[in-house]
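Chain and residue survey
Each chain, letter by letter, is given below.
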Amino acid sequence: SNTCIDAPHMMTLHQLKKVSSPFDFNRDWDEIIEMFHDAKERRDWWFRTLQKLKESQVSIRDTRFIEAVRNYNALQGVVKTLSWILNTQAPDPLD
């Protein structure tokens, strides 16, 4: 059989760590913490906006409602991920 094996799959974890990465890891903790607080504020603002739209009985097809849901959900993911980075007790953001 003529099987083609992709070279990166044959590397050890140690070797993979030496391969150039698109990530430079140049963020400091203060910057990450600041982003966490900013993301929570923005998420909460979109949540309040969403509540106001619901109270106004705006259609779920209205672009304002769609935008509010999209941004709230996206920021919820950002908050969960940053929380996971900052707190070892935080739940896995992928769950």
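Our subject is the structure that appears above.
Only a predicted model underlies this, so the values are computations on that prediction, with no experimental measurement involved.

Procedures and definitions
- Per-chain numbering applies: the sequence of each chain, read as written, is numbered from 1 onward.
- The predicted nature of this model means local features are confined to residues of pLDDT at least 70 and side-chain atom pairs, given and counted, to a pLDDT of 80 or more, with totals for whole chains, interfaces and linings taken over all residues.
- Hydrogens and water are ignored here; the side-chain numbers use all heavy atoms of the structure.
- Put simply, DSSP H or I for four residues or longer makes a helix, DSSP E for two residues or longer makes a strand, and each gets a number counted from the N terminus.
- Every residue pair with non-hydrogen atoms within 4.5 Å of one another is taken to be in contact.
- Surface exposure here means Shrake-Rupley accessible area, sampled with a 1.4 Å probe, where a residue is shielded only by the protein chains that are shown.
- Comment: axis = line fitted to C-alpha atoms, over the contacting stretch for helices; angle = value between 0 and 180 degrees taken between N-to-C directions.
- By definition in this entry, angles of less than 35 degrees are roughly parallel, angles greater than 145 are roughly antiparallel, angles of 65 to 115 are roughly perpendicular, and the rest are oblique.
- Here a crossing is called left-handed whenever its near helix is offset anticlockwise from the far helix by less than a right angle, and right-handed whenever the offset is clockwise.
- Gly is put with the polar residues, along with every residue not named as nonpolar or charged; the nonpolar set is Ala, Val, Leu, Ile, Met, Phe, Trp, Tyr, Cys and Pro, and the charged set is Asp, Glu, Lys and Arg.
- How far a helix is expected to stretch is found by multiplying one less than its residue total by 1.5 Å.
- Summary of the burial criterion: residues with accessible area below 20% of their type's maximum are buried, those above 50% are exposed, and those between are partly exposed, where the area comes from a 1.4 Å probe applied to protein chains only.
- Each polar contact in these results corresponds to two N or O atoms within 3.5 Å; when the atoms are within protein, one needs to be able to donate a hydrogen and the other to accept it, and residues that are neighboring in sequence are counted only if both atoms are side-chain atoms.
- Any Phe, Tyr or Trp ring, taking Trp's six-membered ring, that has another such ring centre within 6.5 Å forms a pair; planes under 30 degrees apart are called stacked, those over 60 apart edge-to-face, and the others tilted.

Now for the overall build of the chain. The helix and strand inventory of the chain stands at three helices and zero strands. For the chain, the succession of helices and strands along the chain, N to C, is α-α-α. A separation of at least 24 residues holds for 50% of the contacts in the chain among residues at least 6 apart in sequence. As displayed, the chain offers around 8,300 Å² of accessible surface, 55% of which is attributable to carbon and sulfur atoms.

Time to look at the packing of helix α2 (residues 29–55) against helix α3 (residues 63–86). Put simply, α2 and α3 touch, their axes get as near as 8 Å, and they point 150 degrees apart. Relative to α3, the element α2 lies roughly antiparallel. Remark: the crossing between α2 and α3 carries left-handed chirality. Each residue belonging to the contact of α2 with α3 can be placed in one class, and the counts come to 20 nonpolar, four polar and six charged.

Looking now at α2. Along its 27 residues, α2 runs 39 Å from first to last C-alpha, staying within 8% of the 39 Å computed at 1.5 Å per residue. Listing the buried residues of α2 in full gives Ile32, Phe36, Ala39, Arg43, Trp46, Thr49, Leu50 and Leu53. Summarising the contacts, the buried residues of α2 are in contact with α3. Its side-chain oxygen 3.3 Å from the backbone nitrogen of Asp30, Asp28 forms the N-cap of α2. One or two steps after α2, the chain reaches Gln57, where phi turns positive at roughly 55 degrees.

For the coordinates displayed, the defined rule picks out two aromatic pairs. An angle of 85 degrees between the planes, with centres 4.8 Å apart, marks the rings of Trp45 and Trp46 as edge-to-face. The exposure class of Trp45 is partly exposed, given its relative accessible area of 44%. The exposure class assigned to Trp46 is buried, which follows from its relative accessible area of 16%.

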